[in-house]
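# Secondary and tertiary structure notes
As a plain string of letters, each chain reads:
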Amino acid sequence: MAEKKTTTKKAATKAVAEPKKETVKKAAAPKKAAIVLNAENAGFKAGDVYQALAAAGKALTVKEIAKAAKISEEETLLGMGWLFKEGKIVEAEAKITLA
């Protein structure tokens, strides 16, 4: 007669279980707000840029305008495009000023 091998439940699970791997969570990339591209929004952003430049009274970089207007750099560029088209701003030495 053949002998039966008996194993306990604990021993069986221990043999099957794999060692746990430590997972490293990556920091999630910050979500960017979507910019709505339409004439109304571009006009509002142009107003924000114009007001920031008028309040500063001097030439500012794109980053400085965005910070002063409390809008993103992309929205700043959108507003600047509108103002350039109307001839309200000029660029000199990588800074923007009112025309």
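Before any of the text, the structure's been laid out above.
Below, the structure is looked at part by part. (Residues numbered from 1 in each chain as written. Predicted model: local features only at pLDDT ≥ 70, side-chain atom pairs only at ≥ 80, totals over all residues. Heavy atoms only, no water.)

To continue, consider the packing of helix 2 (residues 39-56) against helix 4 (residues 73-86). It is the contact of helix 2 with helix 4, at a shortest axis distance of 7 Å, that shows an interaxial angle of 90°. With respect to helix 4, the element helix 2 is oriented roughly perpendicular. Across the interface between the two elements, Ala39, Asn41, Ala42, Gly43, Lys45, Ala46, Val49 and Tyr50 of helix 2 pack against Glu75, Thr76, Leu78, Gly79, Met80, Trp82 and Leu83 of helix 4. Class assignment for the residues of the contact of helix 2 with helix 4 results in nine nonpolar, four polar and two charged. (Axes fitted to C-alpha atoms, helices over the stretch in contact; angles between N-to-C directions. Helix = DSSP H or I, 4+ residues; strand = E, 2+ residues; numbered from the N terminus. Parallel < 35°, antiparallel > 145°, perpendicular 65-115°, else oblique. Contact = heavy atoms within 4.5 Å. Nonpolar A, V, L, I, M, F, W, Y, C, P; charged D, E, K, R; others polar.)

Our focus in this paragraph is the pairing of strand 1 (residues 89-92). Pairing between strand 1 and strand 2 (residues 95-98): four bridges, direction antiparallel. The partner of Val90 across the bridge, within strand 2, is Thr97. Here strand 1 folds back onto strand 2 in antiparallel fashion, the turn holding two residues, of which Glu93 has a positive phi close to 55°. (Pairing = 2+ DSSP bridges.)

All right, on to the side chain of Lys45 then. The residue Lys45 is located in helix 2 in this model. If we skip the residues at most four places from it in the chain, Lys45 touches Ile71, Glu75, Leu78 and Gly79.

Under the 1.5 Å per step criterion, the end-to-end length of helix 2 is 26 Å for 18 residues, consistent within 8% with the ideal 26 Å. Among the residues of helix 2, Asn41, Ala42, Lys45, Ala46, Val49, Ala52 and Leu53 are the ones counted as buried. Angular distribution of buried residues about the axis of helix 2 spans 140°; they occupy a single face of the element. Of the exposed residues in helix 2, those oriented more than 90 degrees away from the buried face are Ala39, Glu40, Phe44, Gln51 and Ala55. If you follow the buried residues of helix 2, they end up packed against helix 3 (62-69), helix 4, strand 1 and strand 2. Positive phi appears at Gly57, one or two residues downstream of helix 2, with a value of about 70°. (Expected span 1.5 Å × (residues − 1). Buried < 20%, exposed > 50% of the residue type's maximum accessible area, 1.4 Å probe, protein only. Arc of directions from axis to C-beta.)

Applying the stated rule across the entire model yields one salt bridge. Two residues, Lys45 and Glu75, come together in a salt bridge whose shortest N-O distance is 3.7 Å. With Lys45 in helix 2 and Glu75 in helix 4, this pair connects stretches of sequence that are 30 residues apart. With respect to class, Lys45 is no different from Glu75; both count as buried. (Salt bridge = Lys/Arg side-chain N within 4 Å of Asp/Glu carboxyl O.)

For Ala68, the location among the structural elements is in helix 3. A C-alpha to C-alpha distance of 9.0 Å links Ala68 and Asp48, two positions 20 residues apart in sequence.

None of this, on its own, says anything about what the molecule does.
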